[in-house]
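# A structural walkthrough
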Amino acid sequence: GSNLEPQEHSMEAAAVPQELPPDRGAHELFGYVGIEAVLEQMKVKTMKTGFEFNIMVVGQSGLGKSTMVNTLFKSKVSRKASQPSQEERIPKTVQLQSVTHVIEEKGVKMKLTVTDTPGFGDQINNENCWDPIIKYINEQYERYLREEILITRKKKIPDSRVHSCVYFIPPTGHWLRPLDLEFMKRLSKIVNVVPVIAKADTLTLEEREEFKQRIQQDLKAHAIRVYPQEDFDEDPDDRLLNDRIREKIPFAVVGADQEHQVNGKRVLGRKTKWGIIEVENPAHCEFPMLRDLLIRSHLQDLKDITHNVHYESYRMRRLNESNRP
């Protein structure tokens, strides 16, 4: 400071060390210190370690589950059987198939696991067809719990828990089927269920809106809490955002894995006799809303609710069972 007295100035100057290495500038040692610097540290650490996200798709055969997942992440992350035989098309029981990929974008790595459920709802008698799915989800909780209670546990526990379950509703235009209601009623208690109307291009805009209203009435009448749940809205801003999302649920989506030329641009879409249905156009379908929910705005929230709510309730139940005489 120029307003200091000469003696004070000389004492302060003498206290500054003179043997600093020439290659380390003052901006590295004595840079700006602020709380927001923590965000940069977290960003660098996340980019180095990456993160995990596990998604499950459930629905009848032919609703476009694999195509939707490939469209969601813009890559072939869902594996399809090439020309399955007649016996392989409809499994006798519900089988679960998981495929894991490492996706990297702009230096950020994500370990993505997609779990498909072929055979769900394809039988004449679909009684208890959700049991293998519930068993699989609980097995992932159990695997995480066993790693967590070890005396010498890993620095980073592998996370195979299902963070989001996307349930595909057939575009019937009527009310929800008993199978849909029973599945979401049971699964919404242990996992984040996001319902979507599959192949929404088979419905007109009026039919789509009426069908969505009927589904919302069914969910409310049967007390089914799909994601995002109102009970977990802690911040007022989050509540406003989630209220707008809840008004749109279930999302009417269309999946496509081919690009077409529209007005000089290459867009993902489905080509019909009447034109091209653009998947990423909000005026054509609500796929962009689903993508924003799962990836852009609520991915970390899905993981937090899975860990703090669903896994925590499973952990408490298991530990209470083990402590009983």
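Residues numbered from 1 in each chain as written. Predicted model: local features only at pLDDT ≥ 70, side-chain atom pairs only at ≥ 80, totals over all residues. Heavy atoms only, no water.

### Concerning the pattern of salt bridges
A pair can form between side chains of opposite charge whenever their charged atoms are brought close. Our working rule: Definition used for salt bridges: Asp or Glu carboxyl oxygen within 4 Å of a side-chain nitrogen of Lys or Arg. Where helices and strands are cited, they refer to DSSP runs of H or I of at least four residues and of E of at least two residues respectively, numbered from the N terminus. Partly exposed describes any residue whose relative accessible area lies between the buried limit of under 20% and the exposed limit of over 50%, with all areas from a 1.4 Å probe on protein chains only and scaled to the type maximum.
Scanning the entire structure with this criterion turns up 16 salt bridges. With its nearest N and O atoms 3.3 Å apart, the salt bridge here joins arginine 270 to aspartate 201. Of this pair, arginine 270 sits in strand E8 (residues 265-272) while aspartate 201 is found in the loop between strand E5 (193-197) and helix H8 (205-221), placing the two residues 69 residues apart along the sequence. On the accessibility criterion, arginine 270 (36% relative accessible area) is partly exposed. Under the relative-accessibility criterion, aspartate 201 is labelled partly exposed at 26%. Between aspartate 292 and arginine 296 there is a salt bridge, with the nearest N and O atoms lying 3.7 Å from each other. Placement of the pair is aspartate 292 and arginine 296 together in helix H10 (residues 287-297), with a separation of four residues, close to one helical turn. With a relative accessible area of 27%, aspartate 292 lands in the partly exposed category. What emerges from the salt-bridge pattern is a single network uniting Glu142, Arg146, Arg318 and Glu321.

### Structural notes on the packing of aromatic side chains
Stated precisely, the cut-off is as follows: A pair of Phe, Tyr and Trp rings is counted when the ring centres sit within 6.5 Å of each other, with Trp represented by its six-membered ring. The angle between the planes then sorts it: under 30 degrees is stacked, over 60 is edge-to-face, the rest tilted.
If you walk through the whole model with that rule in mind, you get six aromatic pairs. With 5.1 Å between their ring centres and 65° between their planes, phenylalanine 120 and phenylalanine 183 make a pair best called edge-to-face. With phenylalanine 120 in the loop between strand E3 (108-116) and helix H6 (131-148) and phenylalanine 183 in helix H7 (residues 178-187), this residue pair connects regions lying 63 residues apart in the sequence. Ring plane angle 55° and centroid distance 6.1 Å describe the contact between tyrosine 141 and tyrosine 311, whose orientation is recorded as tilted. Taken as a pair, tyrosine 141 in helix H6 and tyrosine 311 in helix H11 (residues 299-323) lie far apart in primary sequence, 170 residues in all.

### A word on a negative patch on the surface
Threshold: Patch definition: residues with relative accessible area over 30% and no salt bridge; like charges joined within 9 Å; nonpolar side chains (Val, Leu, Ile, Met, Phe, Trp, Tyr) joined within 5 Å. Computed with a 1.4 Å probe, the accessible areas rest on the Shrake-Rupley method; for each residue, only the protein chains presented here act as cover. None of His or the chain ends enter the tally, which takes Lys and Arg as positive and Asp and Glu as negative. Charge coordinates come from a single atom per side chain, which is NZ of Lys, CZ of Arg, CG of Asp or CD of Glu.
On the surface, Glu234, Asp235, Asp237, Asp238, Asp301 and Asp304 cluster together into a patch of negative charge. Its place among the elements puts aspartate 235 in the loop between H8 and helix H9 (236-248). Among the residues examined, aspartate 235 registers a relative accessible area of 33% and is labelled partly exposed.

### With respect to the nonpolar core
Here is the rule we go by: Remark: nonpolar core denotes a set of buried residues (Ala, Val, Leu, Ile, Met, Phe, Trp, Tyr, Cys) joined through side-chain atoms within 4.5 Å. When checking whether two residues touch, look at their non-hydrogen atoms; a contact exists if any pair is within 4.5 Å.
Among the nonpolar cores identified, the biggest contains 74 residues, and Phe183 and Leu187 are the most heavily contacted of them. At seven residues, the largest contribution of residues to this core is made by H6. Apart from residues lying up to four places away in sequence, leucine 187 is in contact with Trp130, Ile133, Ile134, Ile137 and Val193.

### Comments concerning the sheet that holds strand E7 (residues 259-262)
What counts is decided by this rule: Two strands make a pair as long as DSSP finds a minimum of two bridges between them. Interaxial angles span 0 to 180 degrees and are taken between N-to-C directions of axes, which are lines fitted to C-alpha atoms, for helices over the stretch in contact.
The strand order across the open sheet formed by three strands is E7-E8-E9, and the pairing between neighbours is antiparallel. Looking at the sheet topology across the chains shown, the edges are occupied by E7 and strand E9 (275-278). In this sheet, neighbouring strand axes are inclined to one another by 70° on average, regardless of whether the strands run parallel or antiparallel. Strand direction decides the pairing type here: E7 and E8, joined by four bridges, are antiparallel. Along E8, the bridge assignment pairs valine 262 with lysine 265.

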